[in-house]
Amino acid sequence: MANIIRHYDHGVEWEEGNGVTQGYCVNGVLYISGQFSHDMQGGFVGAGDIDAQTRQTLDNLDRVLAGHGADRSNLACVEIYLTDVPAHFARCVALFRDYVGDHRPAGTLIGVTGLASPEQLVEISAVAHLNRSV
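About the thresholds
Residues numbered from 1 in each chain as written. Predicted model: local features only at pLDDT ≥ 70, side-chain atom pairs only at ≥ 80, totals over all residues. Heavy atoms only, no water. Helix = DSSP H or I, 4+ residues; strand = E, 2+ residues; numbered from the N terminus. Buried < 20%, exposed > 50% of the residue type's maximum accessible area, 1.4 Å probe, protein only. Contact = heavy atoms within 4.5 Å. Pairing = 2+ DSSP bridges. Polar contact = N/O pair within 3.5 Å; in protein donor to acceptor, adjacent residues only side chain to side chain. Axes fitted to C-alpha atoms, helices over the stretch in contact; angles between N-to-C directions. Left-handed = near helix turned anticlockwise from the far one by under 90°. Nonpolar A, V, L, I, M, F, W, Y, C, P; charged D, E, K, R; others polar.

Novice: Any chance you could explain unusual backbone geometry here in plain terms?
Specialist: In this model, Asn-27 sits at a positive phi of 50 degrees, which is unusual for a non-glycine residue. You can see Asn-27 is positioned in the loop between β2 (23–26) and β3 (29–35).

Novice: What is the right way to look at the environment of Thr-108 in this model?
Specialist: Position of Thr-108 among the secondary structure elements: in strand β5 (residues 106–111). Of the residues examined, Thr-108 reaches a relative accessible area of 38% and is grouped as partly exposed. For the pair formed by Thr-108 and Tyr-81, sequence separation is 27 residues and the distance between their alpha carbons is 8.5 Å. In contact with Thr-108, not counting residues within four places along its chain, are Val-78, Glu-79 and Ile-80.

Novice: Whenever I open this one, the pairing of β5 confuses me. Can you help?
Specialist: Along a regular strand, successive side chains alternate from one face of the sheet to the other. Judged from the six bridges that link them, strand β4 (residues 75–82) and β5 form a sheet pairing that is parallel. In the strand pairing of β5, Leu-82 is matched with Gly-111.

Novice: Even after reading the chapter, I still don't get helix α2 (residues 85–100), so can you show me in this structure?
Specialist: Here α2 has its buried residues at His-88, Cys-92, Ala-94, Leu-95, Phe-96, Tyr-99 and Val-100. If you follow the buried residues of α2, they end up packed against α1 (50–67), β4 and β6 (122–129). The backbone nitrogen of Ala-87 has a side-chain oxygen 3.2 Å away, supplied by the residue at the start of α2, namely Asp-84. Count one or two residues on from α2 and you reach Gly-101, which has phi positive near 60 degrees.

Novice: Quick question: what am I supposed to make of the packing of α1 against α2 here?
Specialist: A packed helix pair is summarised by two numbers, namely the angle formed by the two axes and the spacing between the axes. Remark: α1 packs on α2, axes separated minimally by 10 Å, with the N-to-C direction vectors making an angle of 35 degrees. Our pair here, α1 against α2, has a crossing hand that is right-handed. On the side of α1, the interface is formed by Ile-50, Asp-51, Thr-54, Arg-55, Leu-58, Leu-61, Asp-62 and Leu-65, while α2 contributes His-88, Arg-91, Cys-92, Leu-95, Phe-96 and Tyr-99. Here the residues of the contact of α1 with α2 are counted per class, giving eight nonpolar, two polar and four charged.

This is the structure:
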């Protein structure tokens, strides 16, 4: 059986040079690169504001899912990276809980000392399954 591979990118200028795709799907499993708080022109959103950054990051996660015909109910595993867990854990988790609703994917929250850009407080990567019969 041949592998069916599809990619998704947001179409922002810096994607071409970074060596990865935003979403890589092979045979119904979607691997989503770490999403962060940028708009569709590539500009950073919400410097210093964990609520704004988390919401924009989740919006970008939705775009990758939609680019593969999926939605948040397809999420199987989510990893959240925070640069300041004590300060941002409660708000980030509350926003994420609202985002997934009754759906409960597996997940991990990891504290890190830094992310790709200095103003970045949160990054979210995920794995989703496109075949619901599994």
